[in-house]
Amino acid sequence: MSLTQLTATEMAEKLRAGETTAVELVTAHLDVASEAFVHVNREDALAVAADVDAGKYDHPLAGVPVVLSDVIVTTEMPTAAGSAYLDGWVSPYEATVVTRLREAGLPILGKTRVAEFGMGNDSGAHEAVAKHQAPFAVVSDTAGTARHSAAETGVVAVKPTYGAISRYGLVAAVSSMDTITPVARTTADAKALHEILVGADQLDPTSLHHEWDLATDTGVDGVTLGITVTQPDNVSDDAWSAYQHGVRALHDAGITTMEVTLESLDQARQAAHIIGAAEFSANLAKFDGIRFGNRVTPANATVQDVITASRGAGFGYATKRRVMLGTQMLSTGTIESHFRPAQRVRTAIINDHHTAFETVDALAVPATTIQGKEYESATAGVGASLAGLPAASVAGVHICAPPYADELVYRISAVVEQTTAGAAS
Amino acid sequence: MKKALQTYEVVLGFEVHVELNTETKMFSTATNAFGDQPNSNVTAGDLGLPGTLPTINAVGIDYGIKLGLALNCTIAPESRFARKQYFYPDLGKNYQTSQEEPAIAYDGWVDVELDDGEIFRVEIERAHIEEDAGKLTHIGGAGGRIHDSSSSLVDYNRAGVPLVEIVSKPIVGAGGRAPELARAYLSTIRDIVKALGVSDARMERGNIRCDANVSLMPIGATEFGTRTETKNVNSTRAVAAAVESEIIRQAKVLDSGGTITQETRHWEEESRSTRSGRPKSDADDYRYFPDPDLGPIVTDAAWIERLRADLPENPVQRRRRLREEWQFSDTEFRDVVAAGVLDEIEYTITAGASPEAARKWWMGEIARIANERGVSPEALGVTPADVVEIEKLIADKTINDKIARQVVGHIADGEGRPADIVAARSLAVVSDDGALTAAVEEAMAANPDVVERIQGGHMQAVGALIGPVMKATKGQADAGRVREIILEKIG
């Protein structure tokens, strides 16, 4: 069996048993690296692997390779966030998650392709994980993007509670929804990666100060789950069948289910679209051609001309459209008619979830919908982003739980994935 | 201006930006310092690099609340930071982190004392916390202006320095005293932030910057006229002059049937007039929205009360109290305030001197030497304790007034404390009767004619003997004792 066929957990076991080396693991993956990568970090990854083999790290996952979505800044590799504006830019500082991976001794194989500023479902990280070019990946989930891509590529994405993992060094798209998310072929691997990344960071003011305990794994016996009973219009027959399969597995494992419908979710996509565009437009204002990135200087240009030309040349169509939409959403008049109502919808969604969680421990809905274009993915996925909830997309099931209940999401996810054992291999 | 005021009522309004003197910036860990090498106090976040996030400086929040309390404001139980968006290269993020509604402090007032002691209450609409922008230097244009410049340099050291913006409510009823009120208001704000210790309060460095809004309306009208906003007037004298100049200019325009353009204007010191800037409308759209990177500022009574307990006495009230306690005349007190030695005099009195003695030294010899050396009196190196010690040396006749003044000069030269200087330089007055008697006998022997005249009843001739004695003791003799000895001898 090729080394790349192993899960991250199995790789770690083999390393500890002395049955392979970190250099072998890194080499095996680099040999199959594809166009999912925008930058291959060969020398640095091999150097870290050699240090692991020399016994310089004692983290249980040291030596297991990982990839980063190109929206996460690194000092050894360029960061373009999928944008021509940033093409070739190298950050002078490092993202907190990168520091944590380095400190644990995980060789970083490279950076993976991403839709511009992460605002879309095209993800080289998911592709690399699905194709065994990396056992797991660190990506960003904005309004459900990473979970949606997971459903489409047959891998697992577990979005933590908002604030559980530092955003410092994640190129911001929608600040209130961007969440660093582990992607893996198994729930156990996603959780192992999550445990390396989680924890308070003074560089991120939205970072949560919380004692995380993800270690327990006691099954789902006694857990109450809110489920969807009737096939929604926007869920295909295949997707519905996968979902029902997952719910049956949960029943078999001792879970209790009841039908739960959150009416406020009907407006979740629109609210996320408006709030997302608004924050996106403000976050992208810094891309002005003055201090970093690719400057375009027309003849006899004023500073305003430079800003216009640099943004014009650097941003793609979808980004420009979203920036213009967001700018409009915050303008006098529209802010009252659109942005503030969208914020009220968000509050209603948070409250609805809170109420539901008084009755059930978690919610499970179909993970894929036929409306999954751009980042407007599954409604429940968007709702979890708006409410900052921990949420997973696994084997056709989308699971979310109350804030801080990340461990429960992993437990439920682990049961669901057993139904499709081997599906992602 | 008098003519203008016969027809028009003046409405004023002020926006005062106060730079806080925190160690680090409001939303980053960069040092907050003035005058350093350009772009040396800058983090990735101050430059708005992708992926960076702000952090909140808790001291900045404390200072904002303190300033709000000193302005008698309500402190918001919960307020937020908002992004105020506009593209300009002095902002790394192309938005300024500021506050919309509610500000951290709102609905306050401040009493402003005019020259004649009259109190004018200015109502405060809000005081909010925000960040300063960087500094642009335009190269190639006339007088450093952006017009016709070929390029511009940006220094982000100031970008992110904490500011509190204090916005007054419209001020009606100042009439002819509008310029005086403008000056008094700005100096009151300066005194308050200085007393609080939240700002270096150096206006020449831009620690306090004032935008003055002026509009005129016909007397008796209720609807305000169109206002202009004169930006960044940076001295108390300039704000008075700018307000006066703007009143006269607007009255001229209105008298000739014209209308006032709502715009920003710039104060020009050379011509002592305002110049038109950019048009400004109320519809300027900054697309404010709550900053998703920064959580709410939630205050509670315990926190606010702890800061309130820490507040110094209001400067206006303090001055009134001190004038009463010290019994200075109005002129004396005003001179003390103008000389900037109020604190020193207070400390000197606390240390044991009489108010009159404290005033005499700080307004007299210390001020004279400080002036000669081009420093402020408190920076001369003479401490309140020194003044008390000098007074004591005079009282016990160790030194006389003339020598005491010399001692002040020696302290300023860094020679040490008064008693040390007197000892080291052997300045003590000679009061040893043996030494004085010998000197007197010598003087009498040298001036038999004078002795004769004194014996003949010409008492004023005693002075002619004291002179030589003082000369012989190098001025260190106690003149009163010398006189007594002479009279005893001749007696």
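Residues numbered from 1 in each chain as written. Chains lettered and ligands numbered in written order. Predicted model: local features only at pLDDT ≥ 70, side-chain atom pairs only at ≥ 80, totals over all residues. Heavy atoms only, no water.

Engineer: Explain the overall build of chain A here, please?
Structural biologist: Along the backbone of chain A there are 14 helices and eleven strands. In summary, chain A has a C-alpha radius of gyration of 21 Å against a globular reference of 22 Å for 425 residues, a match within 12%. If you line up chain A on its principal axes, its C-alpha atoms span 70 × 55 × 40 Å. The proportion of buried residues among the 425 residues of chain A is 60%. Look at the contacts in chain A between residues 6 or more apart in sequence, and 76% of them connect residues 24 or more apart. (Helix = DSSP H or I, 4+ residues; strand = E, 2+ residues; numbered from the N terminus. Rg over C-alpha atoms; globule rule 2.2 N^0.38 Å. Buried < 20%, exposed > 50% of the residue type's maximum accessible area, 1.4 Å probe, protein only. Contact = heavy atoms within 4.5 Å.)

Engineer: So what exactly am I meant to see when it comes to the overall build of chain B here?
Structural biologist: If you tally the helices and strands in chain B, you get 17 helices and 17 strands. A compact globule built from 491 residues would reach a C-alpha radius of gyration of about 23 Å, whereas chain B, at 31 Å, exceeds it by more than 25%. Along the longest, intermediate and shortest principal axes, the C-alpha atoms of chain B span 95 × 55 × 55 Å. Counting only residues that meet the buried cut, chain B has 49% of its 491 residues in that class. With the model as given, the accessible surface of chain B reaches about 22500 Å², and the carbon-plus-sulfur share is 49%. (Areas by Shrake-Rupley, 256 points an atom, 1.4 Å probe, with all protein chains shown as cover.)

Engineer: Before we go on, may I ask you to explain the sheet that holds strand β4 (residues 82–85) of chain B in this structure?
Structural biologist: Hydrogen bonds between backbone atoms are what pair the strands of a sheet, whose relative direction is either parallel or antiparallel. Overall, antiparallel pairing links the three strands, which are arranged β5-β4-β16 (chain B) in an open sheet. The strands lining the two open edges of the sheet, one partner per strand, are β5 (95–98) and β16 (289–290) of chain B. Those strands touched by helix α9 (residues 268–283) of chain A are β4, β5 and β16 of chain B, and its axis lies near 60° from that of β4 of chain B. (Pairing = 2+ DSSP bridges. Axes fitted to C-alpha atoms, helices over the stretch in contact; angles between N-to-C directions.)

Engineer: How should the interface of chain A and chain B be read in this particular structure?
Structural biologist: The parts lose accessible area when they come together, and the size of an interface is often stated as this lost area. In this assembly, 42 residues from chain A lie in contact with 29 residues from chain B. Broken down residue by residue, the surface that chain A buries against chain B is led by P205, K286 and R291 of chain A, which jointly contribute 21%. Counting the contacts that link chain A with chain B gives one salt bridge. One salt bridge connects R167 of chain A with D293 of chain B, and the closest N-O pair in it is separated by 2.9 Å. Mapped onto the side of chain A that touches chain B, the elements with two or more residues apiece are α9, α10 (303–314) and α12 (334–356) of chain A. A class-by-class count of the residues in the side of chain A that touches chain B yields 23 nonpolar, eleven polar and eight charged. (Buried area = accessible area lost by both parts, 1.4 Å probe. Salt bridge = Lys/Arg side-chain N within 4 Å of Asp/Glu carboxyl O. Nonpolar A, V, L, I, M, F, W, Y, C, P; charged D, E, K, R; others polar.)

Engineer: Would you mind going over the domain arrangement of chain B with me for this structure?
Structural biologist: By domain assignment, chain B separates into domain 1 (2–307), domain 2 (334–424) and domain 3 (433–490). A separation of 39 Å is found between the C-alpha centroids of domain 1 of chain B and domain 2 of chain B. (Domains from an automatic or database assignment.)

Engineer: Any chance you could explain the pairing of strand β4 (residues 136–141) of chain A here in plain terms?
Structural biologist: A regular strand carries its side chains on alternate faces of the sheet. Counting buried positions over the six residues of β4 of chain A gives six, a clear majority of the element. The alternating pattern of β4 of chain A places F136, V138 and S140 of chain A and A137, V139 and D141 of chain A on opposite faces, both of which are buried.

Engineer: Mind showing me how you'd approach the nonpolar core here?
Structural biologist: What tends to happen in soluble globular proteins is that the nonpolar side chains get buried as a cluster. In this structure, L101 and I412 of chain A are the most contacted members of the largest nonpolar core, which totals 140 residues. Here the element with the most residues in this core is α9 of chain A; it accounts for eight residues. Excluding residues that lie within four positions of it along the chain, L101 of chain A makes contacts with V66, L68, L106, I108, V138, L193, I196 and L197 of chain A. Counting 67 residues, the second-largest nonpolar core is a separate cluster that includes L20, L186, I189 and I208 of chain B. (Core = buried A, V, L, I, M, F, W, Y, C linked by side-chain atoms within 4.5 Å.)

Engineer: Looking at this model, I keep getting lost on the packing of aromatic side chains. Mind explaining?
Structural biologist: Remark: the centre distance and the inter-plane angle together describe each pair of aromatic rings, the angle taken between the planes. Residue and element names in this part refer to chain B. Summed over the entire model, instances satisfying the criterion amount to 19 aromatic pairs over all chains. With 5.0 Å between their ring centres and 90° between their planes, F27 and F81 make a pair best called edge-to-face. Pair noted here: F27 is in the loop between β1 (8–19) and α2 (58–70) and F81 is in the loop between β3 (78–79) and β4, with a separation of 54 residues, a long-range link. Comparing F27 with F81 shows no difference in burial state: the two are buried. Centroid distance W326 to F328: 5.4 Å. Interplanar angle 50°. Geometry classified as tilted. Accessibility expressed as a relative area gives 6% for F328, which makes it buried. (Phe/Tyr/Trp six-rings, centres within 6.5 Å; stacked < 30°, edge-to-face > 60°.)

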